[in-house]
Amino acid sequence: MEPYISGKTLILFAHPALQKSRVNKVLATAVRDHSAVTFHDLYEEYPDYHIDIAREQELLEAHDVIVFQHPVFWYSIPSLLKEWLDQVFEHGWAYGREGNALAGKTLLSVMTTGAREDAYLGGEKSHTIRELMAPIEAMASLCGMVYPPPFVVHGAHLMTAETMEKHAADYLRVIDAISLGCIDFAKAKSLPRLNMDLDNLIAKPSKQP
Amino acid sequence: MSEEFLGQALIYLGAAVISVPIAKRFGLGSVLGYLVAGMIIGPFGMNLGGGRDVMHFAEFGVVLMLFLIGLELQPNLLWRMRVPILGLGCSQVLVSAFLISALVFMIGSLPWQSSLVIGMVLALSSTAITLQMLNEKGLLNTDGGQNSFAVLLFQDIAIIPMLALFPLLAIYPVVDTDPQHTTLVEGLPAWEHTLIVLGTVAFIIVAGRFIVGHIFRIIAKTRLREIFTAAALLLVIGITLLMTVVGLSPALGTFLAGVVLANSEYRHELEADIEPFKGILLGLFFISVGASIDFGMISGMPITVTGLVAALIMVKLCALLILGRYFGMALDQNILFSMSLAQGGEFGFVLFAFAESSGVLTPAITDLLVAVVALSMACAPLMMIVNERLIQPRFGSLGNDKRKADDIDRKRDVIIVGFGDFGNIVGRLLKASGVEATLLDLDSDNVDLLRKLGFNVFYGDASRLDLLRAAGAEHAKALVIAIRDPDEIHGLVETCKKNFPHLKILSRASARTDAYDLLDQGVTLVYRDSFDTALRLGTDALCELGFRQHHAYRCAQIFRKHDEEYLRELAKMRHDKTTYLNQSRRRIRDLEEILLEERSVIDEQRDVGWDTDSMIHEARLKAEDKGKA
Ligand SMILES: Cc1cc2nc3c(=O)[nH]c(=O)nc-3n(C[C@H](O)[C@H](O)[C@H](O)COP(=O)(O)O)c2cc1C
């Protein structure tokens, strides 16, 4: 695994009720106009779930880093994102003998949960986010993609505006670091979530490779 | 005779057409342009005619203006303005009248009766000039603008007791009363007078609410535009005469009628019809004010006149500033408010004449005062310029958005043209989603019915630019065209593209060819009447034939996307061939092309996400490899 990945980022944003969103709205606002980002609002593009497969595949091919940004719904991704995966990640294109369109790209999950972090500590009673996102991780692996630990914002239900802004700033920091190629995903490998230790993962500007 | 009239018209219109654009060009506002035009053509300038007679006639413009302002003001908004009208308005009249009277009494050493009358008359400001200026600069909806309006409204009310009071203050022998001011109620005891006044007001409200609508409905059915215009003018003139007969201010009466009709379906049509008359008459009025300024007298005693004008403005300004502060206005708004009202009013001309004939003032004094009032009115636009250029910039804003949006009668974001079966569905969907639209329809019966059902429908012909404007097209975001006639749609789109380029147009199209035409006109949001219904029917037909629901639904979705794209393609392509193909042949040919193209589309479309054939194939190959190994 190459430690530093840089390049153009495609954010696949999936929130079925953005007008009601508090946290994802703030997060999205922070990054959507970044110069290295293509912001793709799935529920806005495909309100009828009729996905333009060719267009989506072209978009994916043109980017190096794919971000899924979404709220966690029933310990999983929202349904349109799932539909999008079912349609777009075709056999023979994304995987299979001839399917290698996504190989070498990075897939990063950015998600918000209503519950606080202590509901995702694992053990007997609960699952960690990484366990819950195993299907996504497995899919990434089948397609030859790098899947770093997800960027998770816990406790959305009771979050104050200031905390949201802090998370948004972190998110922007990550996106920015990706575009500059100064975030070390290899170092993050065993973290439960990416945004636990950003200072350690993101190289100081002076030490840029 | 008629030649003389036309000659006069030529001079007035010519003066206006030349001077107003020049004044506007230099950012001075139209009022100043008119006033200067008046000064130039008046008896003391080039002496081309006019003066008082024209002014009496043109005063009707003020009446029309108040009618229009009334139309813009919902009754509940008027009710919310009761504190500024009664509180601020009343104290303005009392304080200014007292200060001016006291000064006149002490410095001018006139009898107290005359001083009192002068104080009362000079306390009034110019409704015409102030409102026109505020309107033109878009300041009428600011805090300061609204309060100015409230004060002006109260002043209109205050004229009634003044007229009653003057004869009681007579000190000179009464000149034969001016027949113009004889009213039916003259000589009646006060309580009867009051009763008649209240009765008239009640009559206007009741008639406006319950009778006028029916009459307009009958007239609207004729679909003769000029008859509607005539009826609108008839209404305003009728009220004006009625008010004059009972001794009330006509402006007040028509304002009231306007407020009563503000909720009616004919509001926008009335606005559009009256507006040009108001504009021209008001311009005429300003010209005649300019023409009536007596430069002969001013040059005779320049120091007295200018001194008096300055004193009048200063006293009123101070009184207004103090009151504005007392009533809690922000400083920038207070200055706007005070500067806009610190002048004498057009009622001064009439009231001074009346006071003279009632024996309270001598002709020498009224002549002087009329000149002072006219000059102070001419100063008003200059003061607005000072305020706008020198004072307001210090506050960093013109205070435009000081008022909350819901305080103003906010224009709606969507206009729906045509509220038949089609528009009705659009309107209901929007309404159910919490979006209020302005609805226009030409069928007065339909309008009537829908109003009863609680829709905000207005009667009106949307092909008219002025009506669209009155319906708020300048501020709206989107226009929904839900009428059927392709020619009408074409005209409407043209008008909108030209005058309201910001409007998003969403249009219905009856046939495919109409859709092409709309696309040609640059409308991208085009909806064919039968398209969606037919698609739904087709989907159900597939299901009846054994397709699974979701499969049939996807087929329809694919078909829709393809057809919309193809429609746009054909719209561009057809121009090369139209020269030799007539309409009907073209339609057949189009259809042919469409059908041929269609055959394989659904198969070709990639719907393969769920297709497991290739997966199975690969799994089989893998298994074979394993078997070999
Ligand atoms: C249908 C649905 C399912 C949800 N399931 C979960 C869940 O399994 N775990 C959780 O922590 N929060 C869950 N939530 C809460 C959302 O994750 C939370 O509202 C969201 O992250 C807030 O982001 P927003 O402010 O951008 O809408 C669920 C919410 C909805 C509407």
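This text goes with the structure placed above it.
Residues numbered from 1 in each chain as written. Chains lettered and ligands numbered in written order. Predicted model: local features only at pLDDT ≥ 70, side-chain atom pairs only at ≥ 80, totals over all residues. Heavy atoms only, no water.

Help me out: how do you make sense of the overall build of chain A in this one?
Regarding its fold elements, chain A presents nine helices and five strands. Walking chain A from its N terminus toward its C terminus, one meets helices and strands in the order β-α-β-α-α-β-α-β-α-α-β-α-α-α. The buried share among the 209 residues of chain A stands at 54%. Summarising the internal contacts of chain A: among those between residues at least 6 apart in sequence, 76% fall at separations of at least 24. In the structure as shown, chain A presents an accessible area of about 9900 Å², 52% of it carried by carbon and sulfur atoms. (Helix = DSSP H or I, 4+ residues; strand = E, 2+ residues; numbered from the N terminus. Buried < 20%, exposed > 50% of the residue type's maximum accessible area, 1.4 Å probe, protein only. Contact = heavy atoms within 4.5 Å. Areas by Shrake-Rupley, 256 points an atom, 1.4 Å probe, with all protein chains shown as cover.)

Explanation requested: the site of the ligand in the structure shown.
Residue and element names in this part refer to chain A. Not every one of the 17 residues close to the ligand is listed here, only the nearest: H15, S21, N24, T112 and Y120. One of the backbone N or O atoms of R22 is found 2.8 Å from an oxygen atom in the ligand. Y75 is positioned with one of its backbone polar atoms (N or O) 3.0 Å from an oxygen atom of the ligand. Tallied by class, residues from the shell around the ligand come to nine nonpolar, seven polar and one charged. (Near = heavy atom within 4 Å. Polar contact = N/O pair within 3.5 Å; in protein donor to acceptor, adjacent residues only side chain to side chain. Nonpolar A, V, L, I, M, F, W, Y, C, P; charged D, E, K, R; others polar.)

Explain the pattern of salt bridges here, please?
When the charged atoms of two side chains with opposite charge come close together, those side chains can pair. Summed over all chains, the structure comprises 25 salt bridges over all chains. Where E137 of chain A meets R130 of chain A, a salt bridge forms, and the shortest distance between an N and an O atom there is 3.6 Å. Classification of R130 of chain A by relative accessible area gives partly exposed; the value is 21%. In this structure, E388 of chain B engages K137 of chain B in a salt bridge whose closest nitrogen and oxygen atoms are separated by 4.0 Å. Here E388 of chain B is found in helix α19 (residues 363-391), whereas its partner K137 of chain B is found in the loop between α8 (127-136) and α9 (143-165), with 251 residues between them in sequence. Look at the salt bridges and you will find they share partners, linking R225, E269, D273, R464 and D466 of chain B into a network. (Salt bridge = Lys/Arg side-chain N within 4 Å of Asp/Glu carboxyl O.)

Explain a nonpolar patch on the surface to me, please; I cannot follow it from the model alone.
All names here are of chain B. A contiguous nonpolar patch, built from L103, F105, M106, I107 and W112 and spanning about 590 Å² of accessible area, is present on the exposed surface. The biggest single contributor to the nonpolar patch is helix α6 (residues 82-107), with four residues. Within the secondary structure, L103 sits in helix α6. Residue L103 is classed as partly exposed on the basis of its relative accessible area of 35%. (Patch = residues over 30% accessible without salt bridge, like charges linked within 9 Å, V, L, I, M, F, W, Y side chains within 5 Å.)

Honestly, the packing of aromatic side chains in this entry has me stumped. Any pointers?
For any pair of aromatic rings, the description consists of the separation of the ring centres together with the inter-plane angle of the planes. Residues and elements named next belong to chain B. Going through the model one piece at a time under the given rule, you end up with 17 aromatic pairs over all chains. When the ring of Y266 is compared with that of Y459, the centres are 5.3 Å apart and the planes differ by 50 degrees; the resulting orientation is tilted. Placement of Y266 in the loop between α13 (250-261) and α14 (267-292) and of Y459 in strand β3 (residues 457-459) is noted, with a sequence separation of 193 residues between them. Across this residue pair, the class does not change: Y266 and Y459 are buried. What links up through ring pairs into an aromatic cluster is the set F216, F228, Y266 and Y459. The ring of W79 has R82 sitting right over it, with the charged end atom 4.4 Å from the ring centre. (Phe/Tyr/Trp six-rings, centres within 6.5 Å; stacked < 30°, edge-to-face > 60°. Lys NZ or Arg CZ within 6 Å of the ring centre and 35° of its normal.)

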